[in-house]
Amino acid sequence: MDRILIRGGNRLSGRLKISGAKNAALTLMPCAILTDEPVTLRNLPRLADVDGFGHLLNQIGASTRVEGTRPEDFGRVMTIRAGQLFSTEAPYDIVRKMRASILVLGPILARMGEARVSLPGGCAIGNRPIDLHLKALEALGAEIELTAGYVKASAPGGRLSGGRYTFPVVSVGATENALMAAVTAKGTSVLGNAAREPEIVDLCRLLIAMGARIDGVGTETLTIEGVDRLHGATYSVMPDRIEAGSYACAAAITGGDLELVGACADDMRATLSALVEAGVTVEESRDSIRVKADGPLQPLTLSTAPYPGFATDMQAQFMAMLCKAQGTSTLTETIFENRYMHVPELARMGADIQVHGRTAMVKGVEKLTGAPVMATDLRASMSLILAGLAAEGETSVARVYHLDRGYERLEEKLSAVGADIERVGD
């Protein structure tokens, strides 16, 4: 199994290209199920989760054609054609590896009138139930049954009726599933307290390009007027705001100066505001963000929240960065209840972190020291990379398959801006 080796202490400097967003890509790909015409996605990141989702689409009968497969290529173009689906089932052996697979439930149901999807897997970062997905689909007219580890959904008469549903708590995945199900329903649907993440906006834009009628894009109330059919489209995946934030933290923790090419500042205001509060200089331009750290990092008090609040997917990276701040920081995790699994690994490198329930107190230390550590989930693995970049000596990060799920060619990007980092096999 591969490991990432980092010899820390180098200051990062230069231009770093931001890839297409993982979380957007995995939401846009299932849209192709909604039409028998080709859907072409540009700027698709080269990630294990994207490959896995492609295999899932193949499993139900969609064809996928990929361009940009040379080793030196960043990003790819994928054309998906679901001309004639021969299965309405997303099986356990694929879905268990990737939580985003649940996002085929809405579009298969909308297209075929029925769907059978295994309960999902993914990172072990706490309980992430799909009850809101199911309740929203029921409000749109679906009949739902849970049996033998599968969700079985059907639309009476073969087509959803549409309806109204207000999410009791904000849920990105449930909003996405309901949106894809509603666009071809018979009537008008209204989704209240909907998620407003930029990835939701990206999904709406693709669906509109395919012929959907959606009002309220970017707000908490989405009104969808069902149409009889959707057509194909060509669409570019948005830049990855979490990847951009992660590399911004890399610049900060190493006292570096990075230009994040392709990053969109409007999608990551909470992250950039927190960096500025920590004493980092942030300069925005039309198609990039420059992040420069030329002084001591300052402690922060942060609490994760649904967009436009501070993203839970940035909590682990900021925790690593704040290990080098001058003072004590307070981080509160409100989204997932088990998202501090990286704390013991950071402690092995000399971090001083105390966890009390959902709150972590991070006391800045003078130095971190390289050590063998183990990644426990996607974002936690990036926190260990960040700590390794700033640590004295060598850090070995095991279980890098977590990184490969969400960071496109990480070691190549970091090497190009001055990191001493490499991937090695055991």
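Calculation criteria
- Residue indices follow the written sequence of each chain, beginning from 1 at its first position.
- pLDDT decides what is reported in this predicted model: residues at 70 or higher carry local features, side-chain atom pairs at 80 or more are listed and counted, and totals for whole chains, interfaces and linings draw on all residues regardless.
- Side-chain descriptors were evaluated using all non-hydrogen atoms of the structure, hydrogens and water having been removed beforehand.
- Helix and strand definitions here come from DSSP, where helices need a minimum of 4 consecutive H or I residues and strands a minimum of 2 consecutive E residues; each element is numbered from the N-terminal end.
- Buried residues are those whose accessible area, probed at 1.4 Å on protein chains only, stays under 20% of the maximum for their type, while exposed residues exceed 50% and partly exposed ones sit between those limits.
- We define a polar contact as two N or O atoms separated by no more than 3.5 Å, with the added condition that, inside protein, one atom must be a possible hydrogen donor and the other a possible acceptor, whereas residues neighbouring each other in sequence contribute only through side-chain atom pairs.
- Per the annotation, domain bounds derive from an automatic or database assignment of domains.
- Strands were regarded as paired on the criterion that DSSP finds at least two bridges between them.
- Comment: axis = line fitted to C-alpha atoms, over the contacting stretch for helices; angle = value between 0 and 180 degrees taken between N-to-C directions.
- UniProt positions are given in the numbering used here, feature names are shortened, and annotations may be inferred rather than shown by experiment.
- Residue contacts are defined here by distance: any two heavy atoms, one from each residue, within 4.5 Å place the two residues in contact.
- For Phe, Tyr and Trp, rings pair up if their centres lie within 6.5 Å, where Trp contributes its six-membered ring, and each pair is then called stacked (planes under 30 degrees apart), edge-to-face (over 60) or tilted (otherwise).
- Charge over a ring is defined by NZ of Lys or CZ of Arg lying within 6 Å of the ring centre and within 35 degrees of the ring normal.

### Remarks on the environment of R116
Mapped onto the secondary structure, R116 falls in strand β7 (residues 114–118). Using a relative accessible area of 27% as the deciding quantity, one classes R116 as partly exposed. Each C-alpha atom of the pair R116 and D51 lies 21 Å from the other, and the pair is 65 residues apart in sequence. Within the structure, R116 has its side chain in polar contact with the side chain of E89 (distance 2.9 Å).

### Digging into the domain arrangement of the protein
Interfaces are often sized by the accessible area lost when the parts come together. Partitioning the protein into structural domains gives domain 1 (3–19 + 239–424) and domain 2 (22–236). Relative placement of domain 1 and domain 2: their C-alpha centres are 30 Å apart.

### Description of the sheet that holds strand β10 (residues 164–166)
With respect to topology, four strands assemble into an open sheet ordered β10-β11-β13-β12, the strand pairing being mixed. Two strands lie at the open edges of the sheet, namely β10 and β12 (213–215), each paired on one side alone. Ignoring which end each strand starts from, the neighbouring axes of this sheet average 15° apart. When β12 meets strand β13 (residues 222–225), the two strands line up antiparallel, connected through three bridges. Looking at the pairing, I214 lines up with I224 of β13.

### A short note on the sheet that holds strand β6 (residues 89–90)
Paired through backbone hydrogen bonds, the strands of a sheet run either parallel or antiparallel to each other. Taken in spatial order, the four strands line up as β6-β7-β9-β8 in an open sheet, and their pairing is mixed. Unpaired on one side and paired on the other, β6 and β8 (143–147) mark the two borders of the sheet. As defined by bridge partners, β8 adjoins strand β9 (residues 150–154) across five bridges and the pair is classed as antiparallel. For L146, the partnering residue across the bridge sits in β9 and is V151.

### Quick notes on the UniProt feature "binding site: phosphoenolpyruvate" (unreviewed entry) in the protein
Taken from the UniProt record, the annotation "binding site: phosphoenolpyruvate" (unreviewed entry) applies to K22 and N23. Looking at the secondary structure, you find K22 in helix α1 (residues 22–28). According to the relative accessible area criterion, K22 is buried, its value standing at 7%. In this view, N23 contacts E199, D313 and R379; residues no more than four positions away in its chain are not counted. One polar contact links N23 to K22, side chain to side chain, over a distance of 3.3 Å.

### A short note on the packing of aromatic side chains
The final tally for this structure, using the stated rule, is two aromatic pairs. Between Y165 and F167 the ring centres are 5.1 Å apart and the planes differ by 90°, which places this aromatic pair in the edge-to-face class. A residue is classified by how much of its surface remains accessible, and Y165, at 13% relative accessible area, is buried. An angle of 90° between the planes, with centres 5.0 Å apart, marks the rings of F310 and F318 as edge-to-face. A single burial state applies to F310 and to F318, both of which are buried. We note R116 situated over the ring of Y150; from NZ or CZ to the ring centre the distance is 3.8 Å.

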